[in-house]
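# Results of the structural survey
What follows is the residue order along each chain.
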Amino acid sequence: MHREALEAAIPSGDWVLIARAGYSGTQRDAIVWGGDIPGTDLGLRSAIIAQQRAAFLGFPIWGSDTGGFYEFKDRDVFARWIEFSAFSGIMEIGGTGSHAPWDMPTEPRFDPEMIEIYRFYTALRARMLDYIAAAGAGAARGLPLVRPLAFLDPEDPQLQDRWDEFLFGPDLLVAPVWRKGQREREVFFPPGRWRSLWDERIVQAGPSSVRVDVPLDFIPVYIREGAVSPLAGR
């Protein structure tokens, strides 16, 4: 009903409908928002899982309130959620209370390190818009923007239950960090060769697992070898 009203009011199609919940058939009408997720590291963990569950349910575009719907209590959570949101279907900040790096609910309230993290990943998102739009076009065929690794090969047991990694579009492998205080994590590489989005000299061949450092401003992201970087030419 809301989609039909928008179509009638704005025939150009220059609108978007965001739903919190739905049922069979809603996939063709709306993009989906994750609801009132707690602003904790476990809340972020649930968002990482929920985005991929939405993909399995056929919702092609999903997003969450960066930092959680409720005011976060730890700056690690906000930093990691900013990084995750940059590689989500929707990157936005909402919810209750303060969610701004220049007016933090944690100390310092004006947080220069957090401002730089926020600046970097929002600028990165803008640089990736052409790649995101091209990947999002697959929604018309039911192909989600974020793709669980099992989508690569449903018969490969190594790709099953890999809830803490996913593909963003066809070519980016993303391994978000969610736990407070975490500064290293293991990254699993699917079959093929993957080069770091941040340093093209770093190339990993899969299937394999590698432990990498993850300072607060860093999220492991790799691009499939042979693919054009979404940052090229911008």
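Residues numbered from 1 in each chain as written. Predicted model: local features only at pLDDT ≥ 70, side-chain atom pairs only at ≥ 80, totals over all residues. Heavy atoms only, no water.

Take the environment of glycine 206 next. Its place among the elements puts glycine 206 in strand β9 (residues 203-213). As a C-alpha pair, glycine 206 and arginine 193 span 13 residues in sequence and 6.1 Å in three-dimensional space. Those residues in contact with glycine 206, other than ones at most four positions away along the chain, are Phe189, Pro190, Pro191 and Gly192. (Helix = DSSP H or I, 4+ residues; strand = E, 2+ residues; numbered from the N terminus. Contact = heavy atoms within 4.5 Å.)

A word on helix α2 (residues 41-56). The first and last C-alpha atoms of α2 sit 23 Å apart over 16 residues, in line with the 22 Å expected at 1.5 Å per residue. Each element contacted by the buried residues of α2 is listed here: β3 (62-65), α3 (75-86), β5 (146-148) and β6 (166-168). Following α2 by one or two positions, glycine 58 adopts a phi angle in the positive range, close to 90°. (Expected span 1.5 Å × (residues − 1).)

What follows is about the sheet that holds strand β7 (residues 172-174). Within the open sheet, the six strands sit side by side as β5-β6-β7-β10-β8-β9. Their pairing is antiparallel. For this open sheet the edge positions go to β5 and β9, each flanked by a neighbour on one side alone. Adjacent strand axes in the sheet meet at a mean angle of 25° when their direction is disregarded. Where strand β8 (residues 184-196) lies against β9, 10 bridges are found, and the strand directions are antiparallel. By the bridge assignment for β9, tryptophan 194 is matched with glutamine 204. (Pairing = 2+ DSSP bridges. Axes fitted to C-alpha atoms, helices over the stretch in contact; angles between N-to-C directions.)

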